[in-house]
Amino acid sequence: MRGSDYMMGTQSLRAMTAEHLMERDVAYFKKEAKCETLVWAMVEGNFGTAPIVNEEGRLIGAVNESDLLSAVASGIDLADVSAGEMMKSVLSISVDKPAMEICRFFRDNPVNRAPVVDGHLHVVGMISRRDILSGYLEEKMGPPSGF
């Protein structure tokens, strides 16, 4: 779900920020969560990156599908591994980062999706390459008519 200005088509892509483009309903996990729990959430929620937060709710890493597939291919039982053991460092996007800077971020980094954080590094959303492309189309054509 995106911000109301974005959905109403009142801003150009160049005027948008991560706040306008991001998905707001985001699953994130503590480092103690078992990786099998992450798999269930990823499959059910149809997403491929799980942000990992500390006790204060600040972003400390992420686990993605590739990490989990690699573990399964190595014979690891994901019920025995915590997110903290599996997580890697993660690139994040500031909630106020302009859309064109986010375009360059995705162009220059080998990620498809990134957590969006506030000034305290709390996860407030996720943004993907597709969100930027959708913003481009909406600027050109207006909001989608329900497909």
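Residues numbered from 1 in each chain as written. Predicted model: local features only at pLDDT ≥ 70, side-chain atom pairs only at ≥ 80, totals over all residues. Heavy atoms only, no water.

Asker: Looking at this structure, how should I read the pairing of strand β6 (residues 123-128)?
Answerer: A regular strand places its side chains so that they alternate between the two faces of the sheet. Burial analysis of β6 places 5 of its 6 residues in the buried class, the great majority of the element. The pairing of strand β5 (residues 113-117) with β6 spans 5 bridges and is classified as antiparallel. Across the sheet, the residue bridging to Ala-114 is Ile-127, located in β6. (Buried < 20%, exposed > 50% of the residue type's maximum accessible area, 1.4 Å probe, protein only. Helix = DSSP H or I, 4+ residues; strand = E, 2+ residues; numbered from the N terminus. Pairing = 2+ DSSP bridges.)

Asker: When you look at the side chain of Arg-113 in this model, what are you seeing that I'm missing?
Answerer: Considering the arrangement of structural elements, one finds Arg-113 in strand β5. For Arg-113, a relative accessible area of 17% translates into the label buried. Polar contacts involving the side chain of Arg-113 include one to the side chain of Glu-23, which spans 3.2 Å. Look past the residues within four positions of Arg-113 in its chain and what remains in contact with it is Glu-23, Phe-47, Gly-48, Thr-49, Phe-106, Met-126, Ile-127 and Ser-128. (Polar contact = N/O pair within 3.5 Å; in protein donor to acceptor, adjacent residues only side chain to side chain. Contact = heavy atoms within 4.5 Å.)

Asker: I would appreciate a short explanation of the sheet that holds β5 in the present structure.
Answerer: Sheets are built from strands that pair by backbone hydrogen bonding, the pairs being arranged parallel or antiparallel. Strands sit in the order β4-β5-β6 across an open sheet of 3 strands; the sheet is mixed. Each end of this open sheet is capped by a strand with a single partner; those strands are β4 (93-94) and β6.

Asker: Just checking my understanding: could you explain the environment of Val-111 for this structure?
Answerer: Locating Val-111 in the fold gives a position in the loop between α6 (99-108) and β5. Each C-alpha atom of the pair Val-111 and Arg-129 lies 8.5 Å from the other, and the pair is 18 residues apart in sequence. Other than its neighbours up to four places away in sequence, Val-111 contacts Phe-105, Phe-106 and Arg-129.

Asker: I tried to follow the nonpolar core on my own but got confused; where do I start?
Answerer: Soluble globular proteins: nonpolar side chains tend toward being buried together. With 15 residues, the main nonpolar core has Leu-38, Val-63 and Met-86 as its most contacted residues. Looking at this core, the elements with two or more residues in it are α3 (35-45), β2 (49-53), α4 (65-73) and α5 (83-86). Element by element, the count of residues in this core is highest for α3, at 3 residues. Each residue touching Val-63, except ones within four places of it in the same chain, is listed here: Leu-38, Met-42, Gly-48, Thr-49, Ala-50, Ile-52, Leu-68, Ala-83, Met-86 and Met-87. (Core = buried A, V, L, I, M, F, W, Y, C linked by side-chain atoms within 4.5 Å.)

Asker: I'm lost on a nonpolar patch on the surface in this one. Help?
Answerer: A surface patch of nonpolar side chains, about 350 Å² in accessible area, is lined by Tyr-136, Leu-137 and Met-141. Within the secondary structure layout, Leu-137 lies in helix α7 (residues 129-141). (Patch = residues over 30% accessible without salt bridge, like charges linked within 9 Å, V, L, I, M, F, W, Y side chains within 5 Å. Areas by Shrake-Rupley, 256 points an atom, 1.4 Å probe, with all protein chains shown as cover. Salt bridge = Lys/Arg side-chain N within 4 Å of Asp/Glu carboxyl O.)

Asker: Looking at this model, I keep getting lost on the sheet that holds strand β3 (residues 59-64). Mind explaining?
Answerer: An order of β1-β2-β3 is seen for the 3 strands of this open sheet, with the pairing classed as mixed. With one partner strand each, in any of the chains shown, β1 (29-30) and β3 form the two edges of the open sheet. As defined by bridge partners, β2 adjoins β3 across 5 bridges and the pair is classed as antiparallel. Paired with Val-53 across the bridge in β3 is Leu-59. Of the strands in this sheet, β1, β2 and β3 are in contact with α3, which crosses β2 at around 135°. (Axes fitted to C-alpha atoms, helices over the stretch in contact; angles between N-to-C directions.)

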